[in-house]
Amino acid sequence: AIQANRPAEVVLGVIPGATRSKGFLGMGRAAFVIVVTDHRLLFATQTSAMMKENIRRARAEAKAEGKGFVGQWGAQLGANFGRHYLEMAPPQILAEHPENFFILPNQVKEARIDEEGDDDSVTTYRLRLDTHGDRFTFQFQWLDVGAARGLLRQVLGAGVRVR
C-alpha cells in the first residue's frame, strides 16, 4: 500500500481547567485539559489521582531544582495547567485514560465561549462546541478567552465561527 507522507500531528497548545457534567442527572463533574493539535481537539480526562500526581511531580521537580518552600508552592499552583501535554504525542495523550476522546474539525459547526457573572465580575466561562451530532459544553472557573479563541481558530479554521 502506498501511504501519503502525512506530517506528524503537532500539539499547538492546551486549554486547562475544563469541567463537564456527568453521571446521574449530571450531578457529577468530569475534569479535562483540552489539547489543541493542528488536526483535532483532544479531551484529556483529569482524575483526582492524576491531579495529585501532577502536584507531587511539580513539587519534586522544584525541590530538585533547589527551590525552597515558596518555589515549590508556586510550582504546585501551576501543576494542573496541562503543560506536560505539550511534550506528549497525541496518540499517547488519548491512551492515557479510557475516557479521553477527540473531535475532528470537520465535525464542529460552531464554537462559542460565553462569560457568565454579574456586572462586577465574571464568575464562570462556558465553551460550547456544536457538532453535527452532539453539543459539548465545558465550564471553566478561569480562562484566557483570547488565547482559547486563538487556539480554537487555528484548528477549526475560518469555516467555523468562534465567538
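That block above? That's the structure.
Just so it is clear, the model here is predicted, and its values are computed rather than measured.

K.L.:
Any chance you could break down the overall build of the protein for me, citing the residues and the numbers?
P.N.:
When helices and strands are tallied, the protein shows four helices and eight strands. Listing the helices and strands of the protein from first to last along the sequence gives β-β-β-α-α-α-β-β-β-β-α-β. Every one of the 163 residues in the protein was classed for burial, and the buried ones make up 38%. Sequence-distant contacts in the protein: of pairs separated by 6 or more residues, those separated by 24 or more amount to 56%.

K.L.:
Account for the pattern of salt bridges, naming residues and giving values.
P.N.:
Counted under the stated rule, the structure contains seven salt bridges. Notably, a salt bridge pairs Glu-65 with Lys-67, separated by 3.3 Å at the nearest N-O pair. For Glu-65, a relative accessible area of 54% puts it in the exposed group. We note a salt bridge from Glu-116 to Arg-126, for which the minimum N-O separation is 2.4 Å. With Glu-116 in strand E5 (residues 108-117) and Arg-126 in strand E6 (residues 122-131), the pair connects residues that are 10 residues apart, well separated along the chain. Connected through salt bridges with shared partners, the residues Glu-110, Arg-128, Asp-130 and Arg-135 form a single ionic network.

K.L.:
Describe the nonpolar core, and please don't skip the residues or the numbers.
P.N.:
Generally speaking, nonpolar side chains in soluble globular proteins are found buried as a group. Membership of the largest hydrophobic core comes to 26 residues, with the highest contact counts inside it found for Ile-15, Phe-43, Leu-129, Phe-138 and Phe-140. Mapped by element, the contributors of at least two residues to this core are strand E1 (11-22), strand E2 (28-37), strand E3 (41-46), strand E4 (101-103), E5, E6, strand E7 (135-140) and helix H4 (145-156). Here this core gets six residues from one element, more than from any other, and that element is H4. Sequence-distant contacts of Ile-15, defined by excluding residues within four places in its chain, comprise Val-33, Ile-34, Val-36, Phe-140, Leu-143, Ala-148, Leu-151 and Leu-152. Grouped together as the second largest cluster of nonpolar side chains are 11 residues, Leu-42, Met-50, Met-88 and Ile-93 included.

K.L.:
Residue-level account of the environment of Val-155, with values.
P.N.:
Along the chain, Val-155 turns up in helix H4. In the structure, Val-155 is positioned 117 residues away from Asp-38 in sequence and 5.3 Å away in space, judged by C-alpha atoms. With near-sequence residues (within four places) excluded, Val-155 lies in contact with Val-36, Thr-37, Asp-38, His-39, Arg-40, Leu-41 and Pro-105.

K.L.:
Kindly report on the packing of aromatic side chains, identifying the contributing residues and their values.
P.N.:
A full pass over the atoms with the stated rule returns five aromatic pairs. When the ring of Phe-32 is compared with that of Phe-138, the centres are 5.7 Å apart and the planes differ by 85 degrees; the resulting orientation is edge-to-face. One end of the pair, Phe-32, is in strand E2; the other, Phe-138, is in strand E7, and 106 residues separate them in sequence. We classify Phe-138 as buried; its relative accessible area is 0%. Geometrically, the ring pair formed by Phe-43 and Phe-101 is stacked, given 4.6 Å between the ring centres and 10 degrees between the ring planes. Placement of the pair is Phe-43 in strand E3 and Phe-101 in strand E4, with a sequence separation of 58 residues. On the basis of relative accessible area, Phe-101 is assigned to the buried category, the value being 19%. Aromatic rings pair up to connect Phe-32, Phe-43, Phe-101, Phe-136 and Phe-138 into one cluster.

K.L.:
Which residues make up the side chain of Gln-139, and what values do they have?
P.N.:
By the secondary structure assignment, Gln-139 is in strand E7. With relative accessibility at 13%, the residue Gln-139 sits in the buried group. One polar contact links Gln-139 to Arg-29, side chain to side chain, over a distance of 2.5 Å. Apart from residues lying up to four places away in sequence, Gln-139 is in contact with Gly-17, Ala-18, Thr-19, Arg-20, Arg-29, Thr-124, Tyr-125 and Arg-126.

How each quantity is defined
Residues numbered from 1 in each chain as written. Predicted model: local features only at pLDDT ≥ 70, side-chain atom pairs only at ≥ 80, totals over all residues. Heavy atoms only, no water. Helix = DSSP H or I, 4+ residues; strand = E, 2+ residues; numbered from the N terminus. Buried < 20%, exposed > 50% of the residue type's maximum accessible area, 1.4 Å probe, protein only. Contact = heavy atoms within 4.5 Å. Salt bridge = Lys/Arg side-chain N within 4 Å of Asp/Glu carboxyl O. Core = buried A, V, L, I, M, F, W, Y, C linked by side-chain atoms within 4.5 Å. Phe/Tyr/Trp six-rings, centres within 6.5 Å; stacked < 30°, edge-to-face > 60°. Polar contact = N/O pair within 3.5 Å; in protein donor to acceptor, adjacent residues only side chain to side chain.

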